[in-house]
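Examining the three-dimensional arrangement
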Amino acid sequence: MSDWRAPDVIASAPGRVNVIGEHIDFSQGFVLPFAIADRTYARIRKRGDQIIRIRSLQRSNDIITTSIDQLAPSADGDWERYVLGVVWALGIKSGVDIEIDGYVPLGAGLSSSAALECAVAFALNDLFSCGYSLKELALLAQKAENKYVGVPCGIMDQSVSLLAKSGSALLLDCRDLETRLIPFDLAASGLQLLIIDTQVQHTLVDGGYAQRRQSCESAVAKLGIVSLRDLSFSDLQEAKDLLSEEEYKRARHSVTEIARVGKAVDALIDKDFLTLGRLINESHHSLRDDYEVSCPELNCAVDTAISLGAVGARMVGGGFGGSAIALAKTEDIGRIESAIKEEFTASGFHVPRFFTSLPSDGARIEPLT
Ligand code: GLA
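Residues numbered from 1 in each chain as written. Predicted model: local features only at pLDDT ≥ 70, side-chain atom pairs only at ≥ 80, totals over all residues. Heavy atoms only, no water.

The next subject is the site of the ligand. What surrounds the ligand is a group of 13 residues, the closest being Glu22, His23, Asp25, Asp157 and Tyr209. Contact between the ligand and His23: an oxygen atom at 2.6 Å from a main-chain N or O atom of the residue. Tyr209 has a polar side-chain atom sitting 2.6 Å from an oxygen atom of the ligand. For the ligand, the protein covers 97% of the area, taking 310 Å² as the surface of the free molecule. Considering only residue class, the shell around the ligand consists of 5 nonpolar, 4 polar and 4 charged. Among the domains, domain 1 (9-182 + 360-366) and domain 2 (183-356) are the pair contributing at least three residues each to the shell around the ligand. (Near = heavy atom within 4 Å. Polar contact = N/O pair within 3.5 Å; in protein donor to acceptor, adjacent residues only side chain to side chain. Areas by Shrake-Rupley, 256 points an atom, 1.4 Å probe, with all protein chains shown as cover. Nonpolar A, V, L, I, M, F, W, Y, C, P; charged D, E, K, R; others polar. Domains from an automatic or database assignment.)

Right, let's get into the side chain of Ser286. In this fold, Ser286 is placed in helix H8 (residues 273-289). The class for Ser286 is buried, based on a relative accessible area of 8%. One polar contact links Ser286 to Arg260, side chain to side chain, over a distance of 3.2 Å. (Helix = DSSP H or I, 4+ residues; strand = E, 2+ residues; numbered from the N terminus. Buried < 20%, exposed > 50% of the residue type's maximum accessible area, 1.4 Å probe, protein only.)

A separate point is the sheet that holds strand E11 (residues 323-329). The sheet built from 4 strands is open, its strands ordered E10-E11-E9-E12 with antiparallel pairing. The sheet terminates laterally at strand E10 (312-315) and strand E12 (353-356), the two strands that pair on one side only. Across this sheet, the average inter-strand angle for adjacent strands is 20°, counted without regard to direction. Note that E10 and E11 share 4 bridges and pair antiparallel. Bridging across to E11, Arg314 finds its partner in Ile325. (Pairing = 2+ DSSP bridges. Axes fitted to C-alpha atoms, helices over the stretch in contact; angles between N-to-C directions.)

Our focus in this paragraph is the packing of aromatic side chains. Considering all chains together, one arrives at 5 aromatic pairs under this definition. Between Phe26 and Tyr209, the ring centres sit 5.7 Å apart and the planes meet at 80°, which makes this aromatic pair edge-to-face. Taken together, the residues Phe26 in the loop between strand E1 (9-18) and strand E2 (30-31) and Tyr209 in helix H5 (residues 208-223) connect sequence positions 183 residues apart. Considered together, Phe26 and Tyr209 belong to a single accessibility category, that of buried residues. Taken together, a centroid distance of 6.2 Å and an interplanar angle of 80° make the contact between Tyr41 and Tyr103 edge-to-face. A residue pair is termed long-range when its members are at least 10 positions apart, and Tyr41 in strand E3 (residues 33-46) and Tyr103 in the loop between strand E6 (96-102) and helix H2 (112-127) qualify at 62 residues. Among the residues examined, Tyr41 registers a relative accessible area of 22% and is labelled partly exposed. Over the ring of Trp88 we find Lys143, and its NZ or CZ is 5.3 Å from the ring centre. If you follow Lys240 out to its NZ or CZ, it ends over the ring of Tyr248, 4.7 Å from the centre. (Phe/Tyr/Trp six-rings, centres within 6.5 Å; stacked < 30°, edge-to-face > 60°. Lys NZ or Arg CZ within 6 Å of the ring centre and 35° of its normal.)

The subject of this paragraph is the packing of helix H3 (residues 134-149) against helix H4 (residues 156-163). At a closest axis distance of 9 Å, the pairing of H3 and H4 adopts a crossing angle of 140°. Between H3 and H4, the crossing angle belongs to the class labelled oblique. Both H3 and H4 take part in a crossing whose hand is right-handed. Taking contact as the criterion, the partners of Leu134, Lys135, Leu137, Ala138, Ala141, Gln142 and Glu145 in H3 are, on H4, Gln158, Ser159, Leu162 and Leu163. By residue class, the composition of the contact of H3 with H4 is 6 nonpolar, 3 polar and 2 charged. (Parallel < 35°, antiparallel > 145°, perpendicular 65-115°, else oblique. Left-handed = near helix turned anticlockwise from the far one by under 90°. Contact = heavy atoms within 4.5 Å.)

Below, the structure written as structure tokens:
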């Protein structure tokens, strides 16, 4: 099989930004992400044997070759483990050629890995008529990342990459994966969401993410509850002495962030963007001070945007680098970009990249070309 250009199926899946609800998906909280326009494409062709070949148009012409019976979680390898993990998690038993063409910026906190997993999962589900629902596919893609790649991510990124709809943010209840579409039309109110990629490479495999998650889990165990979703702010205050200082701060972020998501949804529905902006700012402070996953570049982007009149700004995604968002009047966006560039240069940081994106559709089958 050498004809990579004649796939049996092509599927694509988007990256995401999260309006609010950070680091609470694994605490059964609510999150409010939307899919961005940048997508990853998976072109897959069935083979008549047990061989799996993978290549990416963005990674020169290296071809990774293995076979179905060799699939097993392993720390060896690179990006292709996200693809192999999905083949493994879906229980595919026949050989395939998989070509990846990805346009979600890598390491920018915009969930390029979930876009990759979900494009492959969506294509395989179609090609082999597996019959998985979108929620099942999200859980299988998460299983691939948790168990095969070894990254203890939550369920937010895979869910939004599969379930998002254009024009809306996706309110996701991470306890049961119930969703509600919340209209997200900033342009009609003269606003825009600027995405600022600090170009500080973050990787969730590095351990900071897992440590935060462990602190939340040990707080849950000490408090004898199922998840931080079950904890009110006053319960947390009363139980403070049972927790270490670190567990208390991580739990305080989680409890207050879950509450902020509910308020943000009300604010969006009421088109009360000042309140939404205030909640976005509070989310950043909580991630910076209680959850401690921000970094100087993210704080610089956020503080500069706010000082130039942004309605709200915060870091998004796993943190320790990656991107921030700024909600601002459309006419202020250019000034905010220039000021952030200047501040970054003056501080000796990498030049940041800027994007904007309208909420886009989740994974889909693309025409064969
Ligand atoms: C990463 C993880 C998600 C989520 C976010 C933080 O993107 O993959 O599951 O935990 O960080 O909100």
